[in-house]
Amino acid sequence: MELDQALTYLRQHQRGVLLTLKADGRPQASNIMYAVGDDGLVRISATADRAKSANARRDPRVSLHVTAEDFWSYVVLEGDAEVTPTASAPDDATVDELVELYRSLQGEHEDWDDYRAAMVGDRRLVIRIHPTRAYGMA
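Nothing here was measured: the structure is a model prediction, and the numbers come from that model.

Each value, and the rule that gives it
Residues numbered from 1 in each chain as written. Predicted model: local features only at pLDDT ≥ 70, side-chain atom pairs only at ≥ 80, totals over all residues. Heavy atoms only, no water. Helix = DSSP H or I, 4+ residues; strand = E, 2+ residues; numbered from the N terminus. Buried < 20%, exposed > 50% of the residue type's maximum accessible area, 1.4 Å probe, protein only. Core = buried A, V, L, I, M, F, W, Y, C linked by side-chain atoms within 4.5 Å. Contact = heavy atoms within 4.5 Å. Pairing = 2+ DSSP bridges. Axes fitted to C-alpha atoms, helices over the stretch in contact; angles between N-to-C directions. Expected span 1.5 Å × (residues − 1). Polar contact = N/O pair within 3.5 Å; in protein donor to acceptor, adjacent residues only side chain to side chain.

### With respect to unusual backbone geometry
Move 1: Phi at Phe71 takes a positive value of approximately 75°, unusual for a residue other than glycine.
Move 2: Tracing the sequence through the fold places Phe71 in the loop between strand E5 (61-67) and strand E6 (74-83).
Move 3: Taking the relative accessible area as the measure of exposure, Phe71 reaches 55% and is therefore exposed.
Move 4: Its identity is not glycine, yet Arg123 carries a phi of approximately 60°, on the positive side.
Move 5: Tracing the sequence through the fold places Arg123 in the loop between helix H4 (112-121) and strand E7 (124-137).
Move 6: For Arg123, a relative accessible area of 44% corresponds to the partly exposed category.

Set out below in C-alpha cells:
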C-alpha cells in the first residue's frame with residue numbers, strides 16, 4: 001500500500017491503536033486519538049509518564065493500526081516516532097502544538113488559557129509519527 005493511500009485512509013478516522021515496543025521487545029498497545037497533519041505526520045497527545053511515551057523515546061519504531069466501523073477495512077501505518085519535550089510552560093512550543101492538535105480533533109476550546117495550563121499540569125507531550133511503510137485493506 002502506498003503511503004499517500006494510507007494517509008488518506010487515516011484522515012477519514014481519528015481513533016486507532018498505537019503499538020510501541022517494550023524493553024523486552026514485546027508490543028505494548030494503546031488506544032489513542034490522532035490527527036494527520038498537512039505535513040503527513042501523525043500526531044498523538046500523551047503524558048510523559050505513559051508507557052507509550054517511554055517506549056517511543058527508547059525505540060522509535062511504532063505502528064498505528066486503524067480500522068473502520070465495519071471492522072474489515074484497516075490500515076497499519078509503520079513509522080519512526082519523534083517525542084517532543086514535555087510541556088513546561090503555557091506558551092512553549094509543545095503546548096502550541098497540543099493546541100493545534102486539539103483544534104484538529106475537537107475544534108475550539110472554551111478556555112484556551114485553562115487548556116494550556118492543564119497541558120503543563122498533565123505533563124503532556126506530542127508523539128509525532130514519521131510514516132515509513134503501510135499495509136492493510138483500505
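### Thoughts on the nonpolar core
Grouped burial of nonpolar side chains is what soluble globular proteins tend to show.
Move 1: Ranked by size, the top nonpolar core spans 24 residues in total, and within it Leu10, Tyr34, Val42 and Leu64 carry the most contacts.
Move 2: Excluding its chain neighbours within four sequence positions, the residues that come into contact with Leu10 are Tyr34, Val36, Val42, Leu64, Val66, Val75 and Leu77.
Move 3: The next biggest cluster of nonpolar side chains, apart from the first, holds eight residues, and it includes Ala87, Val99, Met119 and Val126.

### Regarding the sheet that holds E5
Move 1: Taken in spatial order, the seven strands of this open sheet run E2-E1-E5-E6-E7-E4-E3, and their pairing is antiparallel. Both outer strands of the open sheet, strand E2 (27-33) and strand E3 (35-36), are each paired with one neighbouring strand and no more.
Move 2: Sheet strands touched by helix H1 (residues 3-11): E3, strand E4 (42-47), E5, E6 and E7. Its angle to E6, the strand with the most contacts, is close to 95°.
Move 3: The strands that helix H3 (residues 93-106) touches are E2, E3, E4 and E7; relative to E7, the one it contacts most, it runs at about 50°.

### Notes on H3
Move 1: Along its 14 residues, H3 runs 20 Å from first to last C-alpha, staying within 8% of the 20 Å computed at 1.5 Å per residue.
Move 2: Taken as a whole, H3 has its buried residues at Thr94, Val95, Glu97, Leu98, Val99, Leu101 and Leu105.
Move 3: At the N-terminal boundary of H3, the capping side chain belongs to Asp92, with an oxygen 3.2 Å from the backbone nitrogen of Thr94.
Move 4: Immediately downstream of H3, the backbone of Gly107 shows phi near 90°, a positive value.

### A look at the environment of Ser53
Move 1: Looking at the secondary structure, you find Ser53 in helix H2 (residues 51-58).
Move 2: Taking relative accessible area as the criterion, Ser53 reaches 0% and is therefore assigned buried.
Move 3: Along the sequence, Ser53 and Ser30 sit 23 residues apart, while their C-alpha atoms lie 11 Å from each other.

Honestly, that's just the spatial picture; any functional story needs more than this.
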